[in-house]
Amino acid sequence: MDAGKKPVETVLVVNAGSSSIKYGLYRADDLTLIERKNIEVKKAGGYDAAFQQVLDVIAANNVTSVGHRVVHGGKDYAAPQKIDAKVFADLEKLAPLAPLHQPHNLKGIKLITDKYPELPQVASFDTAFHRTQAKLNQMYALPRKLTDEGIIRYGFHGLSYEYIASKLPEVADEKTAKSRVIVAHLGNGASMMAMKDGKSVATTMGFTPVDGLMMGTRAGATDPGILLYLLEQGETVKGLSDIFQKQSGLKGVSGITEDVRTLLASDKPEAKEAIDLFCLYAARQAASLTVDLGGVDAIVFTGGIGENSGIIRDKILSQLAHLGVKTDTAANDGSKPAIHASDSTVKVYVIKTDEELMMAQHVKKVLAPKPAAPAAKPPAP
Ligand code: ADP
């Protein structure tokens, strides 16, 4: 053993959700993945016990910086941020906008700060990538006062979209990556983004991650009149939150499960109806994004469903045939990233997302020493 050798410096990224805490440990020099783990909070014996495992990783490895996924960065945080007392206080103020996620994200930051006050930490926001959008694309048709108060379309899944934006030039080519692209992140949470020149132009999730596509347990775009009706019928706010976020979507429509694999394997008509409605919502939302882009040149699928289910991709794409989309059936069932037919006017790709690696890259970028200011020019002789 090389006793004199210093242990390699590492970057830890933490994605603290409500039911699980995922972490990834990377070499600090080249961001090679060392270890990844998904800790189920329930199985670990609660949030504190689950987080203790993360603290143990810090204690056992030479962790020199930490990145955190923070769902909401509000109107102002358009890029990852080094966390200090001011940033932390700002993010606490945003917690009511993402009550299911933000408090967990912040708890992780606080636990690490308390134990390792000198360890630099960086927040990566799910909303940040969308802050390039035009004001109009972020607005609701609500009274101006509410817009001014911050009731706007924030959009989410930004880490996944930023990663896809960074990979698309490699998978396709520079020209395609800069063209009119729709990215479909289809997982338990699902959304789409319209992208031009590698930047977010519009997205389907809005003020909260309930809007847009039909999802695993979330309803997606739904007439707000239904909320009012149910409230008038005596439903509570908690009950509504439960219906729209936990009991709807694939789970609610099928009455079986939100798991796409199980639904695809089921011969129950409700399972088929749930899958068909999911694909109809997705196709409609994709078509609506062509308005923001003025057409579409490429579509990218990612997320657990988008990466793995050729059936779902085909069901969505076949409803976009009028836009010039044509799938290569063999490619769609295979493992190559390009799945469009040779005569399709729209290119279609499947790319595996990597939100954790994106966070590790953010940590490195944010904490990189800033180049020294150029020396003042000597006075002319
Ligand atoms: P999350 O949003 O929780 O990160 P994922 O991106 O992991 O979710 O996506 C989970 C969904 O992906 C589930 O509905 C699961 O059934 C689906 N999925 C995963 N693998 C496959 C597969 N091979 N075929 C169809 N669906 C799949």
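Residues numbered from 1 in each chain as written. Predicted model: local features only at pLDDT ≥ 70, side-chain atom pairs only at ≥ 80, totals over all residues. Heavy atoms only, no water.

A.B. asks: Looking at this model, I keep getting lost on the side chain of T10. Mind explaining?
C.D. replies: As for its position among the elements, T10 is in strand β1 (residues 10-16). A polar contact of 3.4 Å, which involves the side chain of T10, links it to the backbone nitrogen of V63. Look past the residues within four positions of T10 in its chain and what remains in contact with it is L25, Y26, A28, I34, N61, N62, V63, T64 and S65. (Helix = DSSP H or I, 4+ residues; strand = E, 2+ residues; numbered from the N terminus. Polar contact = N/O pair within 3.5 Å; in protein donor to acceptor, adjacent residues only side chain to side chain. Contact = heavy atoms within 4.5 Å.)

A.B. asks: Would you mind showing me how to read the packing of helix α2 (residues 47-60) against helix α4 (residues 102-115) here?
C.D. replies: Two quantities define a packed helix pair, namely the angle between the axes and the distance from one axis to the other. Following both chains from N to C, one finds α2 and α4 inclined at 50 degrees, their axes separated by 11 Å at the closest point. For the element pair α2 / α4, the angle class is oblique. α4 is crossed by α2, and the crossing has right-handed handedness. Contact with α2, carried on its side by Y47, D48, F51, L55 and I58, involves H104, K107, G108, L111, I112 and K115 of α4 and no other residues of that element. (Axes fitted to C-alpha atoms, helices over the stretch in contact; angles between N-to-C directions. Parallel < 35°, antiparallel > 145°, perpendicular 65-115°, else oblique. Left-handed = near helix turned anticlockwise from the far one by under 90°.)

A.B. asks: Honestly, the site of the ligand in this entry has me stumped. Any pointers?
C.D. replies: Close contacts around the ligand come from G187, N188, G189, E258, D259, V260, R261, G303, G304, I305, N308 and S309, and that covers them all. Interatomic distance of 3.1 Å between a backbone N/O atom of V260 and an oxygen atom of the ligand. With the chains in place, 69% of the 580 Å² that the ligand exposes on its own is no longer accessible. When contributions to the shell around the ligand are tallied by element, the ones reaching two or more residues are α11 (260-265) and α13 (303-308). If you tally residues by element for the shell around the ligand, the top one is α13, at 4 residues. Of the residues that constitute the shell around the ligand, the class distribution is 2 nonpolar, 7 polar and 3 charged. (Near = heavy atom within 4 Å. Areas by Shrake-Rupley, 256 points an atom, 1.4 Å probe, with all protein chains shown as cover. Nonpolar A, V, L, I, M, F, W, Y, C, P; charged D, E, K, R; others polar.)

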